[in-house]
Amino acid sequence: MRLAYKLSVLVMAVAIIAGGCSDRGDTITPITYNTSSLVWTIGHEYHQELGFTMFPEIKIDPKMYGKVYTPPGYDNPGQGRPYPVLILLSPFNETDEFYFNHGLKDVADRLISEGKIEPMIIICMNGRNSYGGTFYADASASGKYTTILGDIEGEISTGTLIDYIDGVFNTLSDARHGDGMGRKNRAISGVGVGGYGAMRLAVMHSENYSSVSAISAPLDFDGSGGTGGFVPLFQNIINELDTTALGLDSTYKIMDTSFNSPVRNLIFAGATSFSPHDTSYVNPEFLPYNPPYIVEPNGIWQSSDTLQITDQETYLKPYGEDRPFKFHMPFDKTGAAYNPIWQLWLDNNIPNLMANYPGALDTTAIMLLTSADSPDELFGFDQQTLDFADYLTSQGIAYNDTSFAGYPGFPADGNAILFDILGRILEFHSRNFETPEF
Amino acid sequence: MGKVRFVLVTMAVILLVAPQIMSSGFAYDGLGVKARGMGGAFRAIADDWSAAFYNPAGYNKLQDNILALNVGTMHNRYWANPRIKWGGIFESGYLNNQRIANHHAVLNIPQGGFVTRMPMLGGETVLGLAIMQVFDQNQSWELFQTPAAHNDSGVFPEDQFGINLDAVAFQFTAARGFMEDKLSLGLGLSLMRGDLVFSNLVMRDNPMASPISDRPHDKIPQWYRTGGNGWGFGWRLGALYDATEKIRVGATITGPTSIDLEGEADMKFIMGESPYINQYITSQQLEAVLFLGGDIIEYTADFETTLDLPASIGGGVAWDIREDLTLALDAEMTFWSKFEGLQFKFSNYEGTNFANNQILVSPSYPNAQEMIETDMGVPVVWKDAPRVAVGAEYRPRSFVSLRGGFGIDKSAVDWSNPVAVTQVPQFIDLGTKFSYSLGIGINLDGWTLEMSGTYTHHPDINLRTQNDQDGDGIVDNLPAYYEADNYQTVMGISYRF
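Right, let's walk through the structure included here. Keep in mind it's a predicted model, so treat the numbers as computed, not measured.

Points about the pattern of salt bridges
Residue and element names in this part refer to chain B.
(1) Moving on: A full pass over the atoms with the stated rule returns 28 salt bridges over all chains.
(2) Moving on: A salt bridge links Lys-34 to Asp-47; its shortest N-O distance comes to 2.7 Å. Of this pair, Lys-34 sits in helix 2 (residues 33-37) while Asp-47 sits in the loop between helix 2 and helix 3 (51-54), and the two are 13 residues apart along the sequence.
(3) Moving on: Across the pair Lys-85 and Glu-91 runs a salt bridge whose closest N-O atoms are separated by 3.2 Å.
(4) Moving on: Note on Lys-85: relative accessible area 28%, which makes it partly exposed.
(5) Moving on: Looking at Glu-91, the relative accessible area reads 40%, which means it is partly exposed.

Points about the interface of chain B and chain A
(1) Moving on: Taken together, the contacts link 47 residues of chain B with 40 residues of chain A.
(2) Moving on: For the pairing of chain B and chain A, the buried interface totals around 3800 Å² over both sides, and the portion due to carbon and sulfur atoms is 62%.
(3) Moving on: Linking chain B with chain A are 1 salt bridge.
(4) Moving on: With its nearest N and O atoms 2.6 Å apart, the salt bridge here joins Arg-215 of chain B to Asp-420 of chain A.
(5) Moving on: Between chain B and chain A we count 11 residue pairs in polar contact (both at pLDDT 80 or more) in total.

A short note on empty space enclosed by the protein
Residues and elements named next belong to chain B.
(1) Moving on: In this structure, the second largest cavity spans a volume of roughly 170 Å³.
(2) Moving on: If you trace the second largest cavity, you find 19 residues lining it, with Leu-201, Val-202, Val-475, Asp-476 and Asn-477 closest to the centre.
(3) Moving on: When residues of the lining of the second largest cavity are traced back to their parent elements, those giving at least two are strand 8 (183-205) and strand 16 (376-379).
(4) Moving on: Per element, the largest residue contribution to the lining of the second largest cavity is 4 residues, and it comes from strand 8.
(5) Moving on: For the lining of the second largest cavity, the per-class residue count stands at 14 nonpolar, 4 polar and 1 charged.

Some points on helix 16 (residues 418-432) of chain A
(1) Moving on: Over its 15 residues, helix 16 of chain A runs 21 Å from end to end, which matches the ideal 21 Å to within 8%, given 1.5 Å per residue.
(2) Moving on: For helix 16 of chain A, the full list of buried residues reads Leu-418, Phe-419, Ile-421, Leu-422, Gly-423, Ile-425, Leu-426, Phe-428, His-429 and Ser-430 of chain A.

Let's talk about the packing of aromatic side chains
(1) Moving on: Inspection of every chain in the model, using the stated rule, returns 57 aromatic pairs over all chains.
(2) Moving on: Ring centres of Phe-230 of chain A and Phe-381 of chain A lie 6.3 Å apart, and the angle between their planes is 80°; on these two criteria the pair is classed as edge-to-face. Of the two residues, Phe-230 of chain A is situated in the loop between strand 8 (211-215) and helix 10 (231-239) and Phe-381 of chain A in helix 15 (residues 381-394); the sequence distance between them amounts to 151 residues.
(3) Moving on: Look at Phe-230 of chain A and you get buried, because its relative accessible area is 0%.
(4) Moving on: Centre to centre, the rings of Trp-336 of chain B and Phe-339 of chain B are 5.9 Å apart; their planes meet at 80°, and the pair counts as edge-to-face. Each member of the pair, Trp-336 of chain B as well as Phe-339 of chain B, carries the same accessibility label: buried.
(5) Moving on: Above the face of the Trp-79 of chain B ring, Arg-24 of chain A is positioned so that its terminal group lies 4.8 Å from the ring centre.
(6) Moving on: Its end group placed over the ring of Trp-79 of chain B, Arg-99 of chain B keeps NZ or CZ at 3.8 Å from the ring centre.

Things to note about the side chain of Gln-111 of chain B
Residue and element names in this part refer to chain B.
(1) Moving on: Structurally, the position occupied by Gln-111 is in strand 5 (residues 106-117).
(2) Moving on: We classify Gln-111 as buried; its relative accessible area is 2%.
(3) Moving on: Setting aside residues up to four positions removed in sequence, Gln-111 forms contacts with Tyr-28, Gly-30, Leu-31, Gly-32, Trp-49, Leu-69, Asn-70, Ile-131, Met-132, Gln-133 and Val-490.

Observations concerning the pairing of strand 5 of chain B
All names here are of chain B.
(1) Moving on: Two elements, strand 1 (residues 66-82) and strand 5, share 10 bridges in a ladder whose sense is antiparallel. Bridge pairing in strand 5 links Leu-67 to Phe-114.
(2) Moving on: As paired elements, strand 5 and strand 6 (residues 125-141) share 6 bridges and run antiparallel to each other. Looking across to strand 6, one finds that Gly-112 is bridged to Ile-131.

As for helix 4 (residues 104-113) of chain A
Residue and element names in this part refer to chain A.
(1) Moving on: Counting buried positions along helix 4 yields 7 of 10 residues, so the element is predominantly enclosed.
(2) Moving on: Those residues of helix 4 hidden inside the fold are in contact with strand 2 (63-70), strand 3 (85-89), helix 3 (98-101), strand 4 (121-125) and helix 16.
(3) Moving on: Once helix 4 ends, the next one or two residues include Gly-115, with phi positive near 75°.

Regarding unusual backbone geometry
(1) Moving on: The peptide bond linking Ser-210 of chain B to Pro-211 of chain B adopts the cis configuration, its omega dihedral lying at 5°.
(2) Moving on: Looking at where Pro-211 of chain B falls in the secondary structure, it is placed in the loop between strand 8 and strand 9 (219-242).
(3) Moving on: With an omega dihedral of 10°, the bond running from Arg-215 of chain B to Pro-216 of chain B counts as a cis peptide bond.
(4) Moving on: Structurally, the position occupied by Pro-216 of chain B is in the loop between strand 8 and strand 9.
(5) Moving on: For Tyr-136 of chain A, which is not a glycine, the phi torsion comes out positive at approximately 60°.
(6) Moving on: One non-glycine residue, Met-179 of chain B, adopts positive backbone phi at about 50°.
(7) Moving on: Note that Met-179 of chain B resides in the loop between strand 7 (161-178) and strand 8.

About the cut-offs
Residues numbered from 1 in each chain as written. Chains lettered and ligands numbered in written order. Predicted model: local features only at pLDDT ≥ 70, side-chain atom pairs only at ≥ 80, totals over all residues. Heavy atoms only, no water. Salt bridge = Lys/Arg side-chain N within 4 Å of Asp/Glu carboxyl O. Helix = DSSP H or I, 4+ residues; strand = E, 2+ residues; numbered from the N terminus. Buried < 20%, exposed > 50% of the residue type's maximum accessible area, 1.4 Å probe, protein only. Contact = heavy atoms within 4.5 Å. Buried area = accessible area lost by both parts, 1.4 Å probe. Polar contact = N/O pair within 3.5 Å; in protein donor to acceptor, adjacent residues only side chain to side chain. 1 Å grid on protein atoms, 1.4 Å probe; cavity = no way out; pocket = protein on both sides within 12 Å on 5 of 7 lines; lining within 4 Å. Points joined across faces, edges and corners; volume = space filled by probe spheres on them. Nonpolar A, V, L, I, M, F, W, Y, C, P; charged D, E, K, R; others polar. Expected span 1.5 Å × (residues − 1). Phe/Tyr/Trp six-rings, centres within 6.5 Å; stacked < 30°, edge-to-face > 60°. Lys NZ or Arg CZ within 6 Å of the ring centre and 35° of its normal. Pairing = 2+ DSSP bridges.

Spelled out as C-alpha cells, the structure:
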C-alpha cells in the first residue's frame, strides 16, 4: 500500500506537470476603434478681399481652402446631432493638409472612441501662399483672413468661413440652436504662425470663439523686454546676406525672395500682412473673382484697403515697381528694428491687440504649449509664447500652460511631435465646449 | 564518519564555489529520463546512455550494451507585458499593458543512444553513439501592432519575435577505466548540427528629414525572419572517480562550438502612410513617396551568421547512502560570456523593389538603400552562469526507482546593471530559476521504462530600460514585465543486452 501511495502521488505530480502544456489561447487584445469618420475638402469664396492678394496661389483662385473632419456617426443638419467645431490654422509654409499628415484623423477617432473627447467637427484651414504663409491678418495684400475666419455675416454662400461652415455642416450654431450656442461650441487653435492667427482671432473676435490654444506661436513680437521676439532675427537676416559683390546697401534692397532662407521668408510673409507698400494696385486679372473693386478716375483698379506707405527706407520691390509684390521690412540694413515700419507690426502684436480689445479674453479658455527640451531656435516662437504667458500672468488672465518634449534622439523641434500634442489640444477644447446632451 | 565528512565537504565546496563562478542561457536540460528525474544531478552517476552528455566517463561503468530512446516534451509558458514608449511618453505600436502569452507550442524532442563494449578492444573500452539536443530555444510572440496613424494596412506575421534554435550533437563517445576501474575517463566527439529560425521586429529610425520623419512616422517597423542551418564540431571530456565504495565524484569539461549558419531571410518594412503625400514630394523628391506612400516593402536575402555555443565545466558527487537510496549533487558553470548573440549578414537581395522597378538600387533613394540593406544584429551581453542541482533516487523494489531533484540556475543576464540588460523575447532568461523534478523508472527483464517531469519557475522581471547595446540606433532589448515557467516531461525506453 505504501508503495502504491507513493506511485499514485508521483503519477499525479507528473500529470500536473504535463497539464502545464494546456493552450492559453490568444491573449492579445487588438487596438481597434471606430474609424468611420470622414474628411471633406472645402473651398469657400469670400465675397471680398481675398482675391486681391499678391500671392499667385490665392490670386488665381480666391477661394480659401480647408479640410473638414466629421466624426463617426456624422449626419447632415437636421438629420443627426449637431457637433461643436474646432478650427485649426496651418503653420507657416504648411497647408490644410498639415494636421492630417500628422495623424489628426487617427488621434480624433481614437479619443472619440475612448470617450476622452466630445465628438467634434475639425476644420483645418490652409494658410500657405507663395511666400510660405500668412499671419492670418487683414490686409488686401495677403488676404483678409481675420475677417474671413472671425466674423459672422449671416450669408452662407458669400459670407465668412463661419457662415459657410455653420450653413453647410451640422454645427452647434446660433442660427439653429440659439444665441450663444455657437460661441460656446466653437474653438480655434494653431501651430506656429497658425497659433498667432488663432490667438489674434480669439482676441479680435472673442464674440465667436470660447477657447483658444496656441502651440509654439509668435505671440509676443518684441519679447518681454522689447528686444526679444522677432528682433534678434532681423540681425540674423542681415548677417546671412552676401554683400561682397554689391555692398550692403544694394544687397539689402534686392534681398533674395526665393525660398532659400526660412527666416527671411517668414519676415517677408509678415511684411505682406503688416506692412505692404501699396494695395491700391490691383491686377485686372483678378476682376472675374472679386467684384467689389473701386475704379479710380485714372483707370487703376484699387482695392478698398487703402494702406499706402510712403517711407522709402526699408522699401523692397523685388519684382520692380510695376509688380504688386512690394512691402516694407521692419528692420533696416544694419539689422536694427526700423520704428516707422516696426510699429505697424507691433500694432498687430497680441498684447497690443488685447489693449485694443479690452476684456476680450475674459471668458475665453486659453492654452499655451511650448517645447521644453528643444525650443524653436530658428524662429524663436517658443520663447515668444513663454513671453506672452508672462504677459497674461501680469494681466491676471488665467491660462493653461503646458510644455512638451521629445525623446532621446528625437528632440521636440518644429512640428515633429505634433501627433502626440494633438490629443492634448483636442482634449482641452473638448473640455471647454458646452455641448448639450443629445 | 570519514565518508560523511568527505561528502559534506565536497558538497559544500561545490555549493560555495558554483554561485561565485558562474550556467543557463538556452542550454537544454531535458536530456535523459533518469537524469531529469534527479534534477540533472547526474555527473557522478552517469549510468545510462545520457552519460554521453552528463559525463562520458560514465560509459566505462556500463556493463551491458544499451539501446535507448527518449522523447522530451516541453512547454515554454511565458508572458510578456510590453512597456515600450519612446522617451517613456510616446506610443510605439507595441501592445503595451497587455499580458501576452507566447504562441502555444508543445515541443517534442527525440533523443537516444547506443552503447556497447567493444570486444576487439579487450572489452575494456566502451563506445557509444548518442544523438542529443544540447541547446534549444523555441518560442514566438506577437507583441506589436502597426499604429493606424503610421500605416493602417500594414500587418506583420504572427511570429514577430521568434526563435526555433536546435543544436543537436551526434556524439561518438569512448570511455575506459584506470586504476583498477576506480577512475574512469571518457571522451565524446560530436558533430553538431545547428538549425535556426529566428524572427525579429525592430524599429528603425526614419532617416528622412522633417516633415517626412515627423511623428507618427519617426520609426519604421522592420521585421525579418532568417531560416538556415549549419554544422560544427564539439567535444566533452569526463572523469569519474570512486572515492569509496559508496561515493563517486565526477567532473566534466565541454568545449565551445561554433556553427556557421546559412540560409534565406524574409524581410518586411511597413512604410509610413500620409493621406496627402503630394505636399511633400516637391521638397524631398521621389524618396518621399517611398517613405510616406504606405508601401509595404517585402523582399528576400541570403544570410549568414555564426552560432557560438559556450564551453562549460562541471563537477558532481554521488553518495549511496543506503543500498536503496542515492543522493547526488552537481554543479556546472557555462561560459555564456562568450556568447554575444547573433549577427546576421545579408546579401543577394531579391524583391519587387530591387528586381522590377529598381527603386532600391536607384541613386534617388540613398536613405532607403542605407536603411533597407543593413545587416541586423541581436547583441547579447551575458555573463558566465552557474547551475547547481541536487537529486535523489530511491529504489523501494528491485524493479522500481523513484526520483526527485531540485535545481538552481543562475541567470546569464547581468540584472544588476539595468543599462546592459539585453533581454529579448527570443531568449528568455529572467534570473535565478528554480526547477523541481520528479521521476519514475520501471525495470523489466532488461527493459527500462522511465518518465520524469520538471517544473521550472523564473522570477518575474519588470524591465524598463531601453538599451541600444551596439550603438546602431536600434533598441536591442524589449522592455516588458516578463513572467516565465517551463514544463517538461521526458519519457524513455531502453533495452540492456
